[in-house]
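Structure assessment
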Amino acid sequence: MYIYNMSKISLTILLCCTFFLFKKESVAAQELLNKTTTLKRPPYLKIGDTVAIVAPSGILKNRTKEIEKSKHLLKSWGLNVVVGKHVFNQANHFAGTDDERCDDLQKAMDDPKTKAIWCARGGYGTVRILDKLNWTKFKETPKWVIGYSDITVLHNQIHNEGIESIHALMCTSLQDDLAEIEQSISTFREAVFGKPLSYILEGSEYNKSGSSSGQLVGGNLTLLHTMLGSKTSIDTSGKILFIEELGEYKYHIDRMLQSLKRAGYFDNCNGLIVGDMTKLRRNTTLWGTSIQQLILDALSNYNFPIAFNMPAGHEKDNRALILGRTVKLTVNDQQAMVTFEE
């Protein structure tokens, strides 16, 4: 009788453990499925729609000309334009106080008549207002948020809210001769009006060959690193990561990559697209390799494809990328192809 009771207890324990492990594996599988679920796609723009221009980051001192050019560009496409009340405010480093910048962005997010939000410039400051934002109405009626650099903060949060966004030029990009940024403007227009996007990238001896697909995520490397450990950090599992950078030392870039790596950021990543690494600073102690080799060395123990020469970031040729959209990435040393799912 004692042996029977012990066997019965052991069997019960075994069944409970099996159920717990099965349930745990099922939850993990469901979590992975949720992470790769198709994101909501805001409605593409059409003639007569309204675009709001806001400034969630740096100051717009002496930038009225660029804002006027931005308004003219949008109107030439048949769109209406509203400019945030506080866009030209000045509060030290920023385009208004945190509350003022947040107010402009929140109103644009909540306004059902606004179909897209175009950020005036980057710089720094979006992270200071991120936790002040209420996403309830935005998720009910999503709209395109457009920008790059510091706007990576918004792109990350929007992705985690389950919505696509657009990494593309900003209003201050129009300080350049428009003919010099023709591709930046045309791909921006194609993205917001729903035209198919695909890019053939110039080959590189540093390319790591392979083919994969996944949702495109990412942006400025410094901001991705800044978000690490917060609720705004992106889980890159099953996704294609895009990075670009401006004005950093090579050892800073390596340090950020090593930090992300140690945090498991690349463990289940499906691929990497490297954009412009602009105006890298020269340290007194030279790094000793190219920026491309630095990236390859930092990620040498991963098998996903890596494509260099994506014209996106802080150069004049800043092609639009739809973040959250599934892309197919095919890479060899002769070229790389990035094709967005329609």
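Residues numbered from 1 in each chain as written. Predicted model: local features only at pLDDT ≥ 70, side-chain atom pairs only at ≥ 80, totals over all residues. Heavy atoms only, no water.

Observations regarding the environment of Tyr 265
Within the secondary structure, Tyr 265 sits in the loop between α9 (250–262) and β9 (271–278). Linking Tyr 265 and Thr 236, residues 29 residues apart in sequence, is a C-alpha distance of 6.5 Å. (Helix = DSSP H or I, 4+ residues; strand = E, 2+ residues; numbered from the N terminus.)

Here we look at the nonpolar core
Among the nonpolar cores identified, the biggest contains 72 residues, and Trp 118, Ile 146, Leu 154, Leu 216 and Phe 340 are the most heavily contacted of them. When sequence neighbours within four positions are dropped, the list of residues in contact with Leu 216 reads Ile 240, Phe 242, Ile 273, Leu 321, Ile 322, Leu 323, Gly 324, Arg 325, Val 327 and Phe 340. (Core = buried A, V, L, I, M, F, W, Y, C linked by side-chain atoms within 4.5 Å. Buried < 20%, exposed > 50% of the residue type's maximum accessible area, 1.4 Å probe, protein only. Contact = heavy atoms within 4.5 Å.)

Thoughts on helix α7 (residues 182–192)
Inspection of α7 places Ser 184, Ile 185, Thr 187, Phe 188, Ala 191 and Val 192 among the buried residues, and these make up the whole buried set. Where α7 is buried, its residues touch α2 (64–76), β3 (114–119), β4 (144–147), β5 (165–167), β6 (198–202) and β11 (321–323).

So, α9
With 13 residues, α9 extends 18 Å between its outermost C-alpha atoms, agreeing within 8% with the 18 Å of an ideal straight helix rising 1.5 Å per residue. When α9 is considered as a whole, its buried residues turn out to be His 252, Ile 253, Asp 254, Met 256, Leu 257 and Leu 260. Contact partners of the buried residues in α9: α8 (221–227), β8 (240–246), β9 and α10 (291–298). Downstream of α9 by a residue or two, Gly 264 has a phi angle that is positive, lying close to 85°. (Expected span 1.5 Å × (residues − 1).)

Quick look at the sheet that holds β8
Strand order in this open sheet of seven strands is β6-β13-β12-β7-β8-β9-β10, and the pairing throughout is mixed. The outermost strands of the open sheet, each flanked by one partner alone, are β6 and β10 (306–307). Where strand β7 (residues 210–220) lies against β8, five bridges are found, and the strand directions are parallel. Its bridge partner being in β8, Gly 218 is matched across the sheet by Phe 242. (Pairing = 2+ DSSP bridges.)

Looking at unusual backbone geometry
Only a minority of non-glycine residues have a phi that is not negative, and only a minority of peptide bonds are not trans. Residue Asn 62 is not a glycine yet carries a positive backbone phi of 60°. Mapped onto the elements of the fold, Asn 62 is located in the loop between β1 (50–54) and α2. Asn 62 sits in the exposed class, given a relative accessible area of 71%. The backbone of Ser 149 sits at a positive phi, close to 60°, despite the residue not being glycine. Take Ser 149: it is sitting in the loop between β4 and α6 (152–160). Exposure remark for Ser 149: the relative accessible area of 10% places this residue in the buried category.

Some details on the packing of aromatic side chains
Scanning the entire structure with this criterion turns up twelve aromatic pairs. Aromatic pair Tyr 265 and Phe 266: ring centres 5.8 Å apart, planes at 80°, arrangement edge-to-face. As far as the burial class goes, Tyr 265 and Phe 266 line up, both buried. Considering the side-chain rings of Tyr 302 and Phe 304, the 5.6 Å spacing of their centres and the 15° angle between planes classify their relative orientation as stacked. Overall, the relative accessible area of 9% leaves Tyr 302 in the buried class. On the basis of relative accessible area, Phe 304 is assigned to the buried category, the value being 7%. Linked through ring pairs, Trp 77, Trp 118, Phe 188 and Phe 193 together constitute an aromatic cluster. (Phe/Tyr/Trp six-rings, centres within 6.5 Å; stacked < 30°, edge-to-face > 60°.)

Brief notes about the sheet that holds strand β2 (residues 80–83)
What the six strands build is an open sheet, ordered β2-β1-β3-β4-β5-β11; its pairing is mixed. Single-partner strands in this sheet number two, and they are β2 and β11. When the angles between neighbouring strand axes are averaged without regard to direction, this sheet yields 25°. (Axes fitted to C-alpha atoms, helices over the stretch in contact; angles between N-to-C directions.)

Concerning the pattern of salt bridges
Under the defined criterion, the tally for this structure stands at twelve salt bridges. Residue Lys 139 pairs with Glu 161 through a salt bridge whose shortest N-O separation is 3.1 Å. Within this pair, whereas Lys 139 is found in helix α5 (residues 136–140), its partner Glu 161 is found in the loop between α6 and β5, the two being separated by 22 residues in sequence. Accessibility expressed as a relative area gives 33% for Lys 139, which makes it partly exposed. (Salt bridge = Lys/Arg side-chain N within 4 Å of Asp/Glu carboxyl O.)

Here's the deal with the side chain of Thr 126
Considering the arrangement of structural elements, one finds Thr 126 in helix α4 (residues 126–129). For Thr 126, the side chain forms a polar contact with the side chain of Ser 57, separated by 2.6 Å. Looking at Thr 126, its side chain comes within polar contact range of the side chain of Asp 150, at 2.7 Å. Excluding anything up to four places from it in sequence, Thr 126 contacts Pro 56, Ser 57, Asp 150, Ile 151, Val 153 and Leu 154. (Polar contact = N/O pair within 3.5 Å; in protein donor to acceptor, adjacent residues only side chain to side chain.)

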